[in-house]
Amino acid sequence: MVVAALSAASLAVLGWGARTAGRAYDCLGNGDYPADVTDRGCEIHTAAGTRVVPLDGPGFEVTVTAAAVLAVLLVVLVVLVARRLLSRRPAA
């Protein structure tokens, strides 16, 4: 049960990080104005000034760590379920 809960939490952080990375990618690749990703968010430099688009999700390192933790936890979950199913088989 704990492994499943941790897997769900890792999946949530991974999804949040992927959404933030997508927003950063869209901001940088806007094609109209030059942009930079800083600690404040994505800064778009226009003729009228700099517009800051906040990037409120976890950083790249946290997202990659969540993906690695999720992969390990899913393997552990599969092994636990397989062992439980195999131990419930009646002896032949």
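Scroll up for the structure.
This write-up is about the structure you can find in this document. The structure presented is a predicted model; accordingly, all values stated were derived computationally and were not measured.

What counts, and where the lines are drawn
Residues numbered from 1 in each chain as written. Predicted model: local features only at pLDDT ≥ 70, side-chain atom pairs only at ≥ 80, totals over all residues. Heavy atoms only, no water. Disulfide = S-S within 2.5 Å. Helix = DSSP H or I, 4+ residues; strand = E, 2+ residues; numbered from the N terminus. Buried < 20%, exposed > 50% of the residue type's maximum accessible area, 1.4 Å probe, protein only. 1 Å grid on protein atoms, 1.4 Å probe; cavity = no way out; pocket = protein on both sides within 12 Å on 5 of 7 lines; lining within 4 Å. Points joined across faces, edges and corners; volume = space filled by probe spheres on them. Nonpolar A, V, L, I, M, F, W, Y, C, P; charged D, E, K, R; others polar. Salt bridge = Lys/Arg side-chain N within 4 Å of Asp/Glu carboxyl O. Axes fitted to C-alpha atoms, helices over the stretch in contact; angles between N-to-C directions. Parallel < 35°, antiparallel > 145°, perpendicular 65-115°, else oblique. Left-handed = near helix turned anticlockwise from the far one by under 90°. Contact = heavy atoms within 4.5 Å.

## Describing the state of the cysteines
Phase 1 of the analysis: The final tally for this structure, using the stated rule, is one disulfide.
Phase 2 of the analysis: Through a disulfide, Cys 27 is tied to Cys 42; the S-S separation comes to 1.8 Å. With the S-S bond torsion at -90°, the cross-link from Cys 27 to Cys 42 turns out left-handed. With a gap of 15 residues between them, Cys 27 in helix 1 (residues 2-28) and Cys 42 in strand 2 (residues 41-46) connect regions that are remote in the sequence. Take Cys 27 and Cys 42: they sit in the same class, and that class is buried.

## Points about the layout of surface pockets
Phase 1 of the analysis: In this model, the largest pocket occupies a volume close to 230 Å³.
Phase 2 of the analysis: Sorting the residues of the lining of the largest pocket by element identifies helix 1 and helix 2 (60-87) as the ones contributing at least two each.
Phase 3 of the analysis: Counting residues per element, the lining of the largest pocket draws most heavily on helix 1, at six residues.
Phase 4 of the analysis: Considering only residue class, the lining of the largest pocket consists of eight nonpolar, five polar and no charged.

## Examining the pattern of salt bridges
Phase 1 of the analysis: Taken as a whole, this structure holds three salt bridges when the rule is applied.
Phase 2 of the analysis: Measuring nitrogen to oxygen at the nearest pair gives 3.4 Å for the salt bridge that ties Asp 56 to Arg 19. Placement of Asp 56 in the loop between strand 3 (49-53) and helix 2 and of Arg 19 in helix 1 is noted, with a sequence separation of 37 residues between them.
Phase 3 of the analysis: For Asp 56, a relative accessible area of 49% puts it in the partly exposed group.
Phase 4 of the analysis: Between Asp 56 and Arg 23 there is a salt bridge whose closest N-O contact spans 3.5 Å. Of this pair, Asp 56 sits in the loop between strand 3 and helix 2 while Arg 23 sits in helix 1; the two residues are 33 residues apart in sequence, bridging distant segments of the chain.
Phase 5 of the analysis: One salt-bridge network, in which partners are shared between bridges, spans Arg 19, Arg 23 and Asp 56.

## Considerations on the packing of helix 1 against helix 2
Phase 1 of the analysis: Their axes nearest at 8 Å, the elements helix 1 and helix 2 cross at an angle of 150°. With respect to helix 2, the element helix 1 is oriented roughly antiparallel. Along this stretch, helix 1 crosses helix 2, giving a crossing that reads as left-handed. Where helix 1 approaches helix 2, its residues Val 3, Ala 4, Leu 6, Ser 7, Ser 10, Leu 11, Val 13, Leu 14, Gly 17 and Ala 18 are matched on the opposing element by Val 62, Thr 63, Ala 66, Ala 67, Val 69, Leu 70, Leu 73, Leu 74, Val 76, Leu 77 and Leu 80.

In short, geometric facts, not functional conclusions.
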